[in-house]
Amino acid sequence: MRRCRRQFPSVIDITTHIYPNSSATHGGRATTVRVIVGAQFGDEAKGKITDFLASDAQYVVRTGGGPNAGHTIHVGDEKVVLHQLACGVLRRGVTGVCGPGMVVNPAQLESEIQALDDRHLLHGSIVISERAHVLLTLHQLEDAWEEQTRSNQSGGAGLGTTQRGIGPAYRDRYGRWGLRFAELVRPDLLEQRLELLYASKPYLSNLPSREELQRQLSEIGGRLAPQVRATEPILWGAIERGENIILEGAQSALLDVDYGTYPYVTSSHPTSAGALVGSGIPPQELDEVIGVTKAYATRVGVGPFPTEVGGEMGEYLRRVGGEQGATTGRPRRCGWLDLVLLKYASRLNGFTSFAVTKVDVLGGLDEVPVAVGYRLSDGSEVEAYPPAIAEELAKATPVYRRFAGWPDFNERLRERIRREGAHALPDPLRRFLEFLAVQTRVPVEWVSYGPRRDETVWMGRGARTPTAASLSPWSS
Ligand code: IMP
């Protein structure tokens with residue numbers, strides 16, 4: 001990353017206007033390309049952090065996933081949930097890109113654009129990669145069929161997908177049956193591609209009429225055509241000009257199809273490596289990889305979650321944290337911060353800093369547990385690498401370290417933090433954050449303490465980078 005990245009002489013140092021309270025320096029050069037990655041199981045408030053950092057970006061790119069995402073952003077008194085559009089579309093002067101790695105439902109995309117426009121919230125512009133794949137209603141039908149089949153086979157729940165058709169759309173993509181936006185806007189190619197796609201699904205009896213689908217897609221393709229572009233050259237040009245790009249993660253590292261808790265994962269790569277493949281930006285152009293983690297943990301859907309807490313405490317976190325799925329409305333499972341998984345995610349993604357969100361939700365608790373290791377069913381202990389088999393991970397017993405709690409985030413405290421910056425954060429919270437940084441060897445750079453745009457505080461760059469070699473979390 002930064003070591004091998006070439007320097008752009010035209011880049012100016014923007015430190016002072018993004019971080020006016022900061023006395024730290026950024027080495028005299030502005031950031032150009034940042035990746036924002038969810039460090040847990042999704043829903044870490046990546047949308048809020050992306051929106052915050054987008055104030056200084058020219059491009060925000062969604063690099064994977066599709067309508068399974070639900071990025072919640074508060075703009076003044078308005079609450080916005082974006083599903084397929086990149087957060088940048090809410091800001092003037094920013095282009096939101098639906099990147100090549102996405103699977104996009106075009107009808108839902110049109111509705112999302114229309115809804116934002118109706119609310120006068122569409123300030124940026126939109127481009128859609130010609131290489132992004134088209135997700136269709138038939139993929140949703142397949143998703144439902146697969147979930148049903150899995151439940152029947154296992155006698156229990158399926159994977160708990162969002163039922164938005166994500167798995168089947170990626171299967172068509174990698175099986176090379178897929179329809180891309182490049183073809184969606186070419187009526188001469190559409191018929192042939194749809195015929196092939198339909199021929200690949202003899203097992204589905206309730207497919208919608210192909211002729212009717214073709215007619216609908218031609219119309220949608222015609223309307224979206226002006227926005228369908230070769231997005232990689234646009235981004236390469238932006239890099240040449242020294243402009244700022246954010247690669248906006250959706251889903252999260254522990255839902256990665258290879259590195260997550262397989263098979264309870266999504267079908268894409270929501271990691272920093274996946275963001276590069278999903279945007280067409282090469283690795284040496286990356287400046288920063290920001291991992292977003294809550295101060296606790298949540299998971300929606302089925303799958304292992306070692307630090308899950310039930311009972312009254314689980315209910316408390318759900319209620320105070322508003323932990324309800326933004327896409328499906330499902331209640332999220334809640335639990336404590338898990339450093340085994342966080343160290344793993346840090347290593348996997350190469351986080352250069354953390355944004356820690358929702359610290360206010362834990363305000364007022366007497367103590368805050370953090371899992372620092374697991375005892376596995378064979379009697380062994382691990383600290384930094386979870387078992388690959390989901391059933392083993394589900395049986396892991398977390399070893400907790402307990403931290404003193406911090407005060408309630410009342411309006412007076414929030415006001416002090418807004419005025420004075422990170423110095424006003426309560427001491428017990430600072431100790432908690434320091435522990436997180438030392439254990440993962442990743443500095444905490446941003447802390448979010450509420451949903452509003454101005455409730456994010458900058459901690460300083462590298463301020464918590466530990467130096468002791470003895471703290472290596474990778475030895476277990
Ligand atoms: P799919 O992505 O709809 O196939 O769902 C696979 C798994 O990923 C399920 O457990 C979903 O609940 C989870 N998932 C997918 N997208 C998100 C997200 O944006 N936030 C949290 N969980 C997600």
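Residues numbered from 1 in each chain as written. Predicted model: local features only at pLDDT ≥ 70, side-chain atom pairs only at ≥ 80, totals over all residues. Heavy atoms only, no water.

**A closer look at the overall build of the protein**
- Helix and strand content of the protein: 15 helices and 19 strands.
- Among the 476 residues that make up the protein, the fraction classed as buried is 57%.
- Considering only contacts in the protein between residues 6 or more positions apart, those separated by 24 or more positions represent 76%.
- When the accessible surface of the protein is totalled, it reaches about 19,800 Å², and 50% of it is carbon and sulfur.
- Across the protein, the 54 positively charged side chains and the 55 negatively charged ones have centroids separated by 3 Å. (Helix = DSSP H or I, 4+ residues; strand = E, 2+ residues; numbered from the N terminus. Buried < 20%, exposed > 50% of the residue type's maximum accessible area, 1.4 Å probe, protein only. Contact = heavy atoms within 4.5 Å. Areas by Shrake-Rupley, 256 points an atom, 1.4 Å probe, with all protein chains shown as cover. Lys, Arg positive; Asp, Glu negative; His and termini not counted. Charge placed at Lys NZ, Arg CZ, Asp CG, Glu CD.)

**A few points about the pattern of salt bridges**
- Under the defined criterion, the tally for this structure stands at 37 salt bridges.
- Salt-bridge contacts for E455 lead to R418; the nearest nitrogen and oxygen are separated by 3.6 Å. In this pair, E455 is assigned in the loop between β18 (444–448) and β19 (456–458) and R418 in helix α14 (residues 411–420), connecting sequence segments 37 residues apart.
- Residue class for E455 comes out buried when judged on its relative accessible area of 4%.
- Beyond isolated ion pairs, a larger network of salt bridges with shared partners links E142, E146, R150, R171, D172 and K201. (Salt bridge = Lys/Arg side-chain N within 4 Å of Asp/Glu carboxyl O.)

**Brief notes about the nonpolar core**
- Counting residues in each nonpolar core, the largest one holds 60 residues, and the members touching the most others are I245 and F432.
- In terms of residue count, the dominant contributor to this core is helix α15 (residues 427–440) (six residues).
- The contacts of F432, once residues within four sequence positions are left out, are A295, L337, V368, V370, F403 and W406.
- Membership of the second largest hydrophobic core comes to 33 residues, among which are I73, I113, I126 and Y198. (Core = buried A, V, L, I, M, F, W, Y, C linked by side-chain atoms within 4.5 Å.)

**Looking at the environment of E308**
- Counting through the fold element by element, E308 comes out in the loop between β12 (296–299) and α11 (311–320).
- Assessed through its relative accessible area of 36%, E308 is described here as partly exposed.
- Between the C-alpha atom of E308 and that of A388, which follows or precedes it by 80 residues, the distance is 18 Å.
- Polar contacts involving the side chain of E308 include one to the side chain of R333, which spans 3.0 Å. (Polar contact = N/O pair within 3.5 Å; in protein donor to acceptor, adjacent residues only side chain to side chain.)

**Observations concerning the environment of G325**
- Residue placement: G325 occurs in the loop between α11 and β13 (333–338).
- Excluding residues that lie within four positions of it along the chain, G325 makes contacts with R330 and R332.

**Some words on the sheet that holds strand β10 (residues 245–248)**
- Judged by pairing direction, the sheet is mixed, and its 10 strands sit side by side in the order β9-β7-β5-β2-β10-β1-β11-β14-β18-β19 without closing on themselves. Looking at the sheet topology across the chains shown, the edges are occupied by β9 (228–229) and β19.
- Of the strand pairs in this sheet, strand β1 (residues 33–38) and strand β11 (residues 288–294) are connected by five bridges, and their pairing is parallel. Bridge assignment links V35 to a residue of β11, and that residue is V289. (Pairing = 2+ DSSP bridges.)

**Thoughts on the site of the ligand**
- In the region of the ligand, 17 residues are neighbours, and N68, T162, T266, V300 and R330 sit closest.
- Here T266 contributes a side-chain N or O atom positioned 2.6 Å from an oxygen atom of the ligand.
- V300 places a polar main-chain atom, nitrogen or oxygen, 3.1 Å from an oxygen atom of the ligand.
- Coverage of the ligand by the protein chains reaches 96% of its 470 Å² of free accessible surface.
- Residues that form the shell around the ligand fall into these classes: seven nonpolar, eight polar and two charged. (Near = heavy atom within 4 Å. Nonpolar A, V, L, I, M, F, W, Y, C, P; charged D, E, K, R; others polar.)

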